[in-house]
Amino acid sequence: MGVLPVPAEVRAILLDIEGTTTPIAFVQETLFPYIKDNVKEYLRAHWEEEECQRDVGLLRKQAQEDSSLAGAVPIPLESGSGEEELERVIQAVVDNVHWQMSLDRKTTALKQLQGHMWRAAYATGHVKGEIFEDVVPAIRKWREAGMKVYIYSSGSVEAQKLLFGYSTEGDILELFDGHFDTKIGPKVESESYRRIAASIGCATNNILFLTDVPREANAAEEADTHVAVVIRPGNAGLTDDEKSYYSLISSFTELFLPSST
């Protein structure tokens, strides 16, 4: 793949996380299983807390919106009739979370609960965010060259900050100028990239977006954002057409900035 020159008008680099800064295996084999294995215990421990009740309320609202979908799991209201009733409601929340995760849903309700659970896991040292070894040195170099660096992931901003705040490289949050999640819009819709550019205060063609997902790259490109597709161990393979169409990198060190000497 060699060296990829960054267009001279680029002022900001926008990074995906899963499959770009972080191995897909970390998300699929550490983060998600942690939720599935611990959600019931977490709900029991935190049920009376306001934050947990807000999370359950959002999940219940989402369940109502999903009621027409095959396999959707409703979450009943508590009637306040004792321990057995509470267990029934908690089990419904657990089943709903498992159902959403089995379909790889990206709902705000699910992401919010996951973010709060991961916060507890990172803080207690049960989980550390995994980062590819080329990421931190490359970002430091980009910043020294005057480049702004942002994150855009389908995981919540809180989950992003936890991953980089409790990472295998230590707390590296200072390397990023801002974070975006799907509240600004889905990653496969071009309008999301226009909103990000407006939020950053630049034109879309002042941004280079790095992602491992061609559909996301395509959406960014439609908004006149520069893109490169990242090839990492464990990422989904690309078609021959995708390989020939997109700029490809296998390491952040392959990006060559115009201001580099």
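This structure is a prediction, so every number in the text was calculated from the model and none was measured.

**Remarks on the nonpolar core**
Leu15, Trp142 and Leu210 are the most contacted members of the largest nonpolar core, which totals 61 residues. The element contributing the most residues to this core is helix H1 (residues 24-46), with nine residues. Split by domain, this core shows at least three residues from each of two domains, domain 1 (4-22 + 129-256) and domain 2 (28-124). If we skip the residues at most four places from it in the chain, leucine 210 touches Ile13, Leu14, Leu15, Asp16, Thr20, Trp142, Ala228, Val230, Ile249, Phe252 and Leu255. Core analysis: the next-biggest nonpolar cluster, separate from the first, contains 20 residues, Phe180, Phe209, Ala219 and Tyr246 among them.

**Here we look at the domain arrangement of the chain**
How big an interface is tends to be reported as the loss of accessible area on association of its parts. Domain annotation for the chain reports domain 1 (4-22 + 129-256) and domain 2 (28-124). Across the contact, 12 residues belong to domain 1 and 10 residues belong to domain 2. Carbon and sulfur atoms supply 59% of the area buried between domain 1 and domain 2, which totals about 930 Å² over both sides. Contact with domain 2 buries area across many residues of domain 1, yet Glu158, Leu162 and Tyr166 alone supply 42% of it, more than any other trio. Between domain 1 and domain 2 we count one salt bridge in total. For the salt bridge of glutamate 158 with arginine 119, the shortest nitrogen-to-oxygen distance reads 3.2 Å. Our count for the domain 1 to domain 2 interface comes out at three residue pairs in polar contact (both at pLDDT 80 or more). Tallied by class, the residues present in the side of domain 1 that touches domain 2 amount to four nonpolar, five polar and three charged.

**Some remarks on the pairing of strand E5 (residues 207-211)**
Burial analysis of E5 places five of its five residues in the buried class, which makes it a mostly covered element. Neither face of E5 is left uncovered, since the one carrying Ile207, Phe209 and Thr211 and the one carrying Leu208 and Leu210 both have all their residues buried. Strand direction decides the pairing type here: strand E2 (residues 12-15) and E5, joined by four bridges, are parallel. Across the sheet, leucine 14 pairs through a bridge with phenylalanine 209, a residue of E5. Once the chain exits E5 it traverses helix H8 (residues 214-222) before rejoining the sheet at strand E6 (residues 226-230), and the crossover so formed is right-handed.

**Some remarks on the pattern of salt bridges**
Under the defined criterion, the tally for this structure stands at 14 salt bridges. Note that lysine 187 and aspartate 16 form a salt bridge whose closest N and O atoms lie 2.6 Å from each other. Placement of the pair is lysine 187 in the loop between strand E4 (178-180) and helix H7 (190-200) and aspartate 16 in the loop between E2 and H1, with a sequence separation of 171 residues. Just as lysine 187 is buried, aspartate 16 falls in that class too. Among the ionic contacts, a cluster of salt bridges with common partners joins Asp16, Lys187 and Glu216.

**Focus on the sheet that holds E5**
One open sheet accounts for six strands, arranged E4-E3-E2-E5-E6-E7; its pairing is parallel. Only two strands of the sheet have a single neighbouring strand rather than two, namely E4 and strand E7 (248-249). Sheet topology places E2 next to strand E3 (residues 148-152); four bridges connect them, and they run parallel. Residue pairing across strands places alanine 12 opposite lysine 148, the latter belonging to E3.

**Quick look at the layout of surface pockets**
Counted as a void, the largest pocket has a volume near 560 Å³. Taken together, the elements giving at least two residues each to the lining of the largest pocket come down to H1, helix H4 (108-123), helix H6 (157-165) and H8. Sort the elements by how many residues they give to the lining of the largest pocket and H1 lands first, with five residues. The residue inventory of the lining of the largest pocket, partitioned by class, reads 12 nonpolar, seven polar and nine charged.

**Thoughts on the packing of H1 against helix H3 (residues 83-102)**
One way to put it is that H1 packs onto H3 with a least axis distance of 9 Å and a crossing angle of 165°. Accordingly, the angle class assigned to the pair H1 and H3 is roughly antiparallel. Between H1 and H3 lies a crossing whose hand is right-handed. Side by side, H1 and H3 meet where Phe32, Ile35, Lys36, Val39, Lys40, Leu43 and Arg44 of the first sit next to Glu87, Ile90, Gln91, Val93, Val94, Val97, His98 and Met101 of the second. Across the contact of H1 with H3, the residue classes break down as nine nonpolar, two polar and four charged.

The rules behind the values
- Residues numbered from 1 in each chain as written.
- Predicted model: local features only at pLDDT ≥ 70, side-chain atom pairs only at ≥ 80, totals over all residues.
- Heavy atoms only, no water.
- Core = buried A, V, L, I, M, F, W, Y, C linked by side-chain atoms within 4.5 Å.
- Buried < 20%, exposed > 50% of the residue type's maximum accessible area, 1.4 Å probe, protein only.
- Helix = DSSP H or I, 4+ residues; strand = E, 2+ residues; numbered from the N terminus.
- Domains from an automatic or database assignment.
- Contact = heavy atoms within 4.5 Å.
- Buried area = accessible area lost by both parts, 1.4 Å probe.
- Salt bridge = Lys/Arg side-chain N within 4 Å of Asp/Glu carboxyl O.
- Polar contact = N/O pair within 3.5 Å; in protein donor to acceptor, adjacent residues only side chain to side chain.
- Nonpolar A, V, L, I, M, F, W, Y, C, P; charged D, E, K, R; others polar.
- Pairing = 2+ DSSP bridges.
- Right-handed = clockwise from strand over helix to strand, strands pointing away.
- 1 Å grid on protein atoms, 1.4 Å probe; cavity = no way out; pocket = protein on both sides within 12 Å on 5 of 7 lines; lining within 4 Å.
- Points joined across faces, edges and corners; volume = space filled by probe spheres on them.
- Axes fitted to C-alpha atoms, helices over the stretch in contact; angles between N-to-C directions.
- Parallel < 35°, antiparallel > 145°, perpendicular 65-115°, else oblique.
- Left-handed = near helix turned anticlockwise from the far one by under 90°.

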